Structures are given as structure tokens and as C-alpha cells.
2 protein chains.
Amino acid sequence: MKLRPYLTTRSLMPENQETPIHFLLRESVFPARYFFRRNHFPFPELESSDLFIHGQVQRPFSISVSQLKMMPSKKLLVPLECAGNQRAKFTPPIFGEQWKDGAISQAVWTGVSLRELLSLAYIQSNAKEVIFIGADFGKRQDMDGLFYYARSLPLEKALHPDTIIAYEYNGTPLPFKHGFPLRLIVPQWYAMASVKWLKQIIVTDQPFTGPFQTIDYVYYPYKYSDEDKKPVTTINVNSLIQSPLDYSTHRAGTLLIEGIAWTGSGRIKKVEISVDDGKTWEKAVLMLCEQERYAWIHWHFAWNVREKGEYTILVKATDSSGRTQPSVPIWNRKGYGYNAIQNVHVKIE
Amino acid sequence: MKLRPYLTTRSLMPENQETPIHFLLRESVFPARYFFRRNHFPFPELESSDLFIHGQVQRPFSISVSQLKMMPSKKLLVPLECAGNQRAKFTPPIFGEQWKDGAISQAVWTGVSLRELLSLAYIQSNAKEVIFIGADFGKRQDMDGLFYYARSLPLEKALHPDTIIAYEYNGTPLPFKHGFPLRLIVPQWYAMASVKWLKQIIVTDQPFTGPFQTIDYVYYPYKYSDEDKKPVTTINVNSLIQSPLDYSTHRAGTLLIEGIAWTGSGRIKKVEISVDDGKTWEKAVLMLCEQERYAWIHWHFAWNVREKGEYTILVKATDSSGRTQPSVPIWNRKGYGYNAIQNVHVKIE
């Protein structure tokens, strides 16, 4: 009997579907049917698959996918996390896609280092940012007109050797819904940076002001003022209990608590579990994989529970940059970067 | 580009998956891939497809599916709603499957009136209840041993001409996951009554005391006492806003509010919408279908909204038995029968 989970739909136009993350235990690489889908616009119709590199460069050029595939490539195991992942957990609530835990997935991406590609164009010394334009476009609710999905990276991040133009997903061509034929992959940044259906790269000496750069994907700490806003970039340190499920019941004995932890700055150093509302914490076992710099890590904790009753399980990760998950979520008007300590309620019968 | 919703997984062992009800607007009949799945046990292995009718009857007998199909049949458009539908909305929260809005689906069921079938067995005059035993069995968390899924109906409900032994779903044989080859369909009762993979029917002169009759599917008003408990039977009057989605944003203008309403006692008579926190209510347009006694009705309401801001939309249904949805949910320890007025939050930009 085939038992399998499916994507959870948050909206269909555009398509936004969440990965069933609690049912993909101990998986490092998700097949495309389980990879979350996050779109701003209808799926694009692809005209040309050539990528055009221009702007503040000495030698603008176009390159075809087959030419790109002849360049030296690298394979990276990288999680993509939507900046709005877990938005539904903020209080007061936030309008927008009500993502729960599953706007995060992981796969192996094969592609060419953007640095290599840009070196062929000879970037001019006044370059400050690199703009990436996808083939997807459409209307916005808050402004008139049509907009392409476009984002920029500061030059330093664009030239990081692991920022790649990917053409393969888990060893096969990119699935159409995940950016075929070419997409950007920006490890350690929230996934709004990893532009799909990439068709143009523009080197610029000006800060890019597109709406997905300056209106969306910005942390606004206040409801009615734009003061102290700052751009969404690096993924916050975070962790998730995949099992047991929230509000599930279990028999007394040993209950295996399992999940993942990830960060955009350095490595996960510690995952701790509390079953007494944060009074005491115990270390979970980390399944480290040294050669994977960016991947999430799996962890587990065997909890010996003898007394019947209702319990709250908390999980907290700490990374090598010293960052740790906050007890209280850092509320912001558009609901990005949620990484508060998770709580899962269980009843022992 | 194929855009479609999927079932939302609540658990896989046993399989419990919710229908994507918000993305099935104006549909009266769901294909099997969108019908919610609610199981207590692993899927059964079917040995014999004969149905055995015995107990307090003069002529116990077995009947095969092909014999059953030769009897007079009826087709009924009947919604099935899990008694735990919307459980996740109770406060304080309730342990168990965290069903949101989608533990409800509707289909056309073809089958033989149980009344006809029982008449062939000659029920004895001391008969009080009829027990239905499915082929699915397994362990329970709260008791040792193995249990079949079994439920009883009072004789009166069992003999209602529309209580049927169904063998077809939307004109084709029952899907395996929905009870193939035979399942009970009990219109107007929550779906725990509509036993799947039906293999035995026992007429009895005693109240049935199986755990799915006397432990589960009972309203317990108090957390720590069993006082005032009563069995879960008839579906409560209820309604659902399918569109707009909760916490969605819209432009000012006419926003179409759409959904369904249903009841287990009589017909839906009125559906009302409030956009001012319940101070005033306006009637929605009902799409009535007189010949369908049990089906949910579709309704809509064109809301003219000019002022930007955040709004809460409320919906309230009233049925012909005079029942209406309560403002505050009627909490009960196992979380059954949720039917409080729904609220959907929208932001007009």
C-alpha cells in the first residue's frame, strides 16, 4: 500500500506549496516532488535559454546552456529556505503566505561558479552589485505595472566561489518548476536570492532598487514605520523537530526526538533539547558530515519518559559564529527570518 | 503548466491526510485523490469480500459483492466529515490528529439500502443495535491487545432507507483506501459511523461497548472527568469560507467570498456574513439543490470593500432544525464536532 506525503498548498496562483518536512526524516536530498515551491508570478514561458551577461563589464556576452555545461563545474549540497518560512508562527500574525515549517528543502546543485563566468566578462572596477533577472514576471498587489523577478547581490557575495549558476538538480537537469534551464544558487542566503529561470546578469555600479530588493525581503521592525529596516540576507541559525509531531500522543518509554538544524553563518555546533520548559537543556547527538559546508545536519535525542502527562519539547541550535536561537521570535512586519526556539507538545499516556 | 493541490498529511502510520478544501471551489464531487483519508489502523489485507450478516436474526447469511450488486440500489450525494474536523482550532489545544478545515469531502455513493439487506435476515424483535465490523485492525495507544474497527448504530438509524452499503464511488468501484469493496454510508452522521472494508454486520440486543463506541467518538465536556459524556452522532451545522484565504491580501474593490455550508439535521436555511466583528450580518446567496437532501450547499457573497485596512470576515450558517453556529467553540476533551463561526483575516491594500 503506497503511503506517501504530498506538498501542502498555500496558494495556486502563483503556486506556493510547502514540503511535508515532518515526513521526510533523515533525508538529505529531496526528490523534486517534495521540494517546496515558492513563486511570485505565474510560471514563465521560456523563449531563449541563453544567458546574457552585461552592464559594467568590458566584454558583455551571451552563453548557451550547452556552452555553460562545458565549463568547470561544482556540485554543492545546499538547502534553500524561503525567508518567510514559519511565518505563520509570528504573533501578532502577518499577512502573506502562511508558511509553516516546510518552506525549506535540500538538494545537490551542479553548476558553474558565477565568479568564473564573470571573469570572462572582465568586470569594471566601479562595479558594486550584480543583478539577476529571471524570466518570470507579472503584477504586484501594491503597485501598478509589470515586474520581472529580479534581485541583486553585493559584489563580494556574487564572487564567492560557491555562488553558482546551476543547471542540475540531484544529477539531472533542473526541474522546470525549480528554474530550468538555469538558476542561481546562493548558499547561506535565504532563497529569494537564488533567482530561477535566470536570463540576464547585469553588473552595476548602483544599488539595485527593484521592488523585490527594496520593498519585499526587507526586515521592518515596526508595523507603521519603515525605520531601522534592513535587507534580508543570511539564513538565521535554526532547528526543527521533525518527530514527534505536535500534539501527538505516545506511550511511556523511550521516545526518539529527531530533526534537522541549519545556519547561514558557519556550522552548527550544538543542538539542545529541553523537556522542562527551558529550565535544563541536554545535548542532542549531531550527525555531522564535515565535507558538506552548507547542508543541514540531522540530530536525534533519545528521551526516556516514564511519567504520564503533557510535555513540551524545546529545541535550540547554536552555530560556530556564536549565534543561537532566540526564545521569542523577532517580529517584523513582513514576517521574515523566523527562528525562535520550536516547541512541540506531546502527551504520554 | 500543471497546478494542482494535494492532500495534506497529518500522519502516515496510519494514513491520515486532509483534503485541500480551499482549492476545490464550487466542486460538489471530489475525485478520490482529493478525498480526505482517515484511518485508525494500517490498511487491511482483504481475504474474502463476502459480507456476513448474523446475530439476533432468524436467517443469518453471507452475501457476495456481485450478489449485492444485483439488488435494487440508490445513489446518494453525501459529504463525509470526520468528527475531529477542525480539531486544531480548539483552545486549549487537543492532542490527536491536528485536523484543520479539510477532514471533509463529498462524493456520490451507490449502494444497497441496509434496511433491504437486513429484511432478508429477519431481524428478531429484541434487536436494539446493529454492529458493523471492518477488516482493519491493530493496536491502540491506551489499551493492550488488537482491535478491529467496529461501530454500532441504533436500530432506527440502521433502518433508515438512506443508510446504505456502498460499492461505488462517483460511479466507479470504491477506491481501496475508501473501503473497497463495501463500506457503510450513514448520511447525516459524522464519518466514524461509515465503516470501511465492511465484512460483518451483527444485529444485537445489547449496547455495543467496543472502544471506538465507548472511549473514542464520545463528547467529554471536562478535561479530568467523564461526567456528562455523550456519544458523537449527528453532524453539527457548519460552514466554511473557502476563499479568500486566511491572512491573504487583496486590492480594494469587490471581493468575492465563497464557501460551503452543511448540516446533519435538516437543510441549510441561511448563511450570513459579517465584516464588522459580528455587529451586523448580511445574507449570502445560497446555491440550493432541492433534490439533494444531504449534500453541502455552495454560497457566495460579493463584498464591496473600499477602505484599506485589516478585516475579519465571519460566516455563520443556520439549518432548518433551528440550529446555528456558536460564536465560541464547544470544547470537549477529545476535540469532536467543532462548528464555531469561522473567522478569516484579510488585508485590503
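Residues numbered from 1 in each chain as written. Chains lettered and ligands numbered in written order. Predicted model: local features only at pLDDT ≥ 70, side-chain atom pairs only at ≥ 80, totals over all residues. Heavy atoms only, no water.

Under an unreviewed UniProt entry, the name given to chain A is DMSO/TMAO reductase YedYZ molybdopterin-dependent catalytic subunit, and the organism recorded is Thermaerobacillus caldiproteolyticus. According to the UniProt record, the Cofactor (unreviewed entry) comment for chain A is "Mo-molybdopterin". (UniProt positions renumbered as here; feature names shortened; annotations may be inferred.)

Peer 1: Teacher, can you tell me more about the overall build of chain A here?
Peer 2: Each helix and strand counted, chain A has 4 helices and 24 strands in total. Computed over C-alpha atoms, the radius of gyration of chain A comes to 21 Å, within 12% of the 20 Å expected from 2.2 N^0.38 for 349 residues, which places it in the range of a compact globule. C-alpha atoms of chain A, sized along the principal axes, occupy 70 × 45 × 40 Å. Burial status across chain A gives 57% buried among its 349 residues. Long-range contacts, defined here as pairs at least 24 residues apart, represent 71% of the contacts in chain A between residues at least 6 apart. When the accessible surface of chain A is split by element, carbon and sulfur atoms take 52% of a total near 15,000 Å². Here chain A contributes 41 positively and 34 negatively charged side chains, and the mean placements of these two sets differ by 2 Å. (Helix = DSSP H or I, 4+ residues; strand = E, 2+ residues; numbered from the N terminus. Rg over C-alpha atoms; globule rule 2.2 N^0.38 Å. Buried < 20%, exposed > 50% of the residue type's maximum accessible area, 1.4 Å probe, protein only. Contact = heavy atoms within 4.5 Å. Areas by Shrake-Rupley, 256 points an atom, 1.4 Å probe, with all protein chains shown as cover. Lys, Arg positive; Asp, Glu negative; His and termini not counted. Charge placed at Lys NZ, Arg CZ, Asp CG, Glu CD.)

Peer 1: Looking at this model, I keep getting lost on the environment of Ala150 of chain B. Mind explaining?
Peer 2: Residue and element names in this part refer to chain B. Along the chain, Ala150 falls in strand 9 (residues 146-154). Considering only alpha carbons, one finds Ala150 and Asp136, 14 residues apart in sequence, at a separation of 9.0 Å. In this structure, Ala150 is in contact with Phe132, Ile133, Phe208 and Phe212, ignoring residues within four places of it in sequence.

Peer 1: What exactly am I supposed to notice about the environment of Lys230 of chain B here?
Peer 2: Residues and elements named next belong to chain B. Looking at the secondary structure, you find Lys230 in strand 15 (residues 230-231). Sequence separation between Lys230 and Lys75 is 155 residues, and the spatial gap between their C-alpha atoms is 31 Å. In this view, Lys230 contacts Val218 and Tyr219; residues no more than four positions away in its chain are not counted.

Peer 1: Can you help me understand the sheet that holds strand 1 (residues 8-12) of chain B in this one?
Peer 2: Residue and element names in this part refer to chain B. In space, the 3 strands of this open sheet follow the order 1-2-3, with antiparallel pairing throughout. Both outer strands of the open sheet, strand 1 and strand 3 (37-38), are each paired with one neighbouring strand and no more. Sheet topology note: the strand 2 (residues 15-18)/strand 3 ladder contains 2 bridges and is antiparallel. The partner of Gln17 across the bridge, within strand 3, is Arg37. (Pairing = 2+ DSSP bridges.)

Peer 1: Got a minute to help me understand the interface of chain B and chain A in this structure?
Peer 2: Bring the parts together and some accessible area is lost; that lost area is often taken as the interface size. Residue-level contacts link 44 residues of chain B with 44 residues of chain A. In total, chain B and chain A occlude about 3,500 Å² of area from one another, counting both sides; carbon and sulfur atoms represent 60% of this. Together, Phe95, Gln141 and Tyr247 of chain B form the three largest contributors to the area buried by chain B at its contact with chain A, with a combined 23%. At the boundary of chain B and chain A, one finds 4 salt bridges. Applying the counting criterion to the chain B and chain A interface returns 18 residue pairs in polar contact (both at pLDDT 80 or more). Secondary structure elements with two or more residues in the side of chain B that touches chain A: strand 1, strand 2, strand 17 (248-250) and strand 24 (342-348) of chain B. Tallying contributions element by element places strand 1 of chain B first for the side of chain B that touches chain A, with 5 residues. (Buried area = accessible area lost by both parts, 1.4 Å probe. Salt bridge = Lys/Arg side-chain N within 4 Å of Asp/Glu carboxyl O. Polar contact = N/O pair within 3.5 Å; in protein donor to acceptor, adjacent residues only side chain to side chain.)

Peer 1: Please explain the UniProt feature "domain: Moybdenum cofactor oxidoreductase dimerisation" (unreviewed entry) in chain A as it appears in this structure.
Peer 2: Here, UniProt's "domain: Moybdenum cofactor oxidoreductase dimerisation" (unreviewed entry) annotation points to residues 232-348 of chain A. The span residues 232-348 of chain A is 0% helix and 50% strand, and its two end C-alpha atoms sit 40 Å from each other.

Peer 1: Help me understand unusual backbone geometry in this model?
Peer 2: One can expect most non-glycine residues to show negative phi and most peptide bonds to be in trans. Residue and element names in this part refer to chain A. For the bond running from Thr91 to Pro92, omega is -10 degrees, close enough to zero to count as cis. Examined against the element boundaries, Pro92 turns out to sit in the loop between strand 6 (74-81) and strand 7 (104-113). The omega torsion across Phe180 and Pro181 is 5 degrees, close enough to zero to call that bond cis. Within the element layout of this structure, Pro181 appears in the loop between strand 11 (172-173) and strand 12 (183-185).

Peer 1: Help me understand the domain arrangement of chain A in this model?
Peer 2: Residue and element names in this part refer to chain A. Assigned domains within chain A: domain 1 (8-216) and domain 2 (238-348). Placing the centre of domain 1 and that of domain 2 at their C-alpha centroids yields a distance of 28 Å. Taken together, both faces of the contact between domain 1 and domain 2 bury some 2,800 Å²; the carbon and sulfur share is 57%. Our count for the contact surface shared by domain 1 and domain 2 stands at 2 salt bridges. Here Glu258 makes a salt bridge to Arg26, at a shortest N to O gap of 2.6 Å. Counting every contact that joins domain 1 to domain 2 gives 15 residue pairs in polar contact (both at pLDDT 80 or more). (Domains from an automatic or database assignment.)

Peer 1: Can you help me understand the relation of the copies chain B and chain A in this one?
Peer 2: Applying a rotation about an axis and a shift along it to one chain copy brings it onto the other copy. Mapping chain B onto chain A is achieved by rotating through 180 degrees and translating by 0.0 Å along the same axis, at an RMSD of 0.0 Å. The two molecules are tied by a two-fold rotation axis, judged by turn and shift. Across chain B, the smallest distance between a C-alpha and the rotation axis is recorded for Thr8 of chain B, namely 2.7 Å. Comparing interface residues between copies, 100% of those in chain B also lie at the interface in chain A; the contact surface is shared. (Least-squares fit on C-alpha atoms with pLDDT ≥ 70 in both.)

Peer 1: How do you make sense of the UniProt feature "domain: Oxidoreductase molybdopterin-binding" (unreviewed entry) in chain A when you look at a structure like this?
Peer 2: If you check UniProt for "domain: Oxidoreductase molybdopterin-binding" (unreviewed entry), the listed places come out as residues 41-211 of chain A in our numbering. In the segment residues 41-211 of chain A, helix accounts for 9% and strand for 37%; the C-alpha atoms at its two ends are 14 Å apart.

Peer 1: Which parts of the structure should I look at to understand the sheet that holds strand 4 (residues 51-55) of chain B?
Peer 2: The strands that make up a sheet pair up through hydrogen bonds in the backbone, lying either parallel or antiparallel. Residue and element names in this part refer to chain B. Overall, mixed pairing links the 5 strands, which are arranged 5-4-13-8-9 in an open sheet. Among the strands making up the open sheet, the edge pair consists of strand 5 (61-63) and strand 9. Neighbour-to-neighbour, the strand axes of this sheet turn through a mean angle of 25 degrees, independent of strand direction. Two strands pair when backbone bridges link them, and strand 4 and strand 5 are joined in this way by 3 bridges, in the antiparallel orientation. (Axes fitted to C-alpha atoms, helices over the stretch in contact; angles between N-to-C directions.)

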